[in-house]
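Observations on chain architecture
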Amino acid sequence: MPGNVHKKVILIGFVPNVSLPPYFRNLFGTAEEIRTKIDTDHNRIHRAGITLVSYELNPQEKEKALADLEALLRAKDYDAIGIGAGVRLHPDYTALFEAIVNLCRTTAPSVPLIFNDGPGGSVMTLERALGIQIP
């Protein structure tokens with residue numbers, strides 16, 4: 001797919017075992033269902049020829065997570081930076097979400113930030129943000 005080749009994106013989310021509020025589980029499913037949705041999305045993105053860096057951070061290790069994310073952001077030129085719904089919607093980690101947004105803005109100021117509507121929504125988000133079609 002010529003229009004998709006050479007796109008590079010980083011998608012940021014939590015490690016699979018992070019504790020999530022019940023309403024999040026009601027919306028998006030069990031940890032296993034969420035993992036399946038994310039894996040299915042990532043496989044489609046890879047098959048479309050997009051270079052995907054998936055960064056699953058541990059919110060209990062904030063300083064390490066931010067340092068590792070900064071290194072990833074500096075290592076490549078990305079076409080988009082996606083921040084997952086779990087990171088954005090978890091009330092206990094609002095300050096971490098703000099730190100991630102500010103880190104992205106200062107480290108990669110020209111790269112658009114994109115936001116999915118939940119696990120399994122990254123393909124649609126990339127299509128919208130990058131103006132591409134992912135089969």
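Coordinates for the structure precede this section.
Reference entry: report on the structure contained in this document. (Residues numbered from 1 in each chain as written. Predicted model: local features only at pLDDT ≥ 70, side-chain atom pairs only at ≥ 80, totals over all residues. Heavy atoms only, no water.)

**What about the sheet that holds strand β2 (residues 51-57)?**
On the basis of which strands lie adjacent, the open sheet formed by four strands has the order β2-β1-β3-β4 and parallel pairing. Pairing within the sheet leaves two strands with one partner each, and these edge strands are β2 and β4 (113-115). This sheet shows a mean twist of 25° between the axes of neighbouring strands, independent of strand direction. On top of the sheet, helix α3 (residues 62-75) reaches β1 (8-14), β2 and β3 (80-83); it is set at about 170° to β2, its chief contact. Docked against the sheet, helix α5 (residues 94-107) engages β1, β2, β3 and β4, running at close to 180° with respect to β3. (Pairing = 2+ DSSP bridges. Helix = DSSP H or I, 4+ residues; strand = E, 2+ residues; numbered from the N terminus. Axes fitted to C-alpha atoms, helices over the stretch in contact; angles between N-to-C directions. Contact = heavy atoms within 4.5 Å.)

**Brief notes about the nonpolar core**
Grouped together as the largest cluster of nonpolar side chains are 29 residues, with contacts concentrated most on I10, I12, L57, L69, L73, I81 and I100. Of all the elements in the fold, those that place two or more residues in this core are β1, α1 (22-28), β2, α3, β3, α4 (85-89) and α5. Considering every element that reaches this core, the biggest residue donor is α5, with six residues. The residues contacting L69, other than those within four sequence positions of it, are I10, I12, Y55, I100 and L103. By size, the runner-up hydrophobic cluster in this structure holds 13 residues, among which are V9, L11, I50 and I134. (Core = buried A, V, L, I, M, F, W, Y, C linked by side-chain atoms within 4.5 Å. Buried < 20%, exposed > 50% of the residue type's maximum accessible area, 1.4 Å probe, protein only.)

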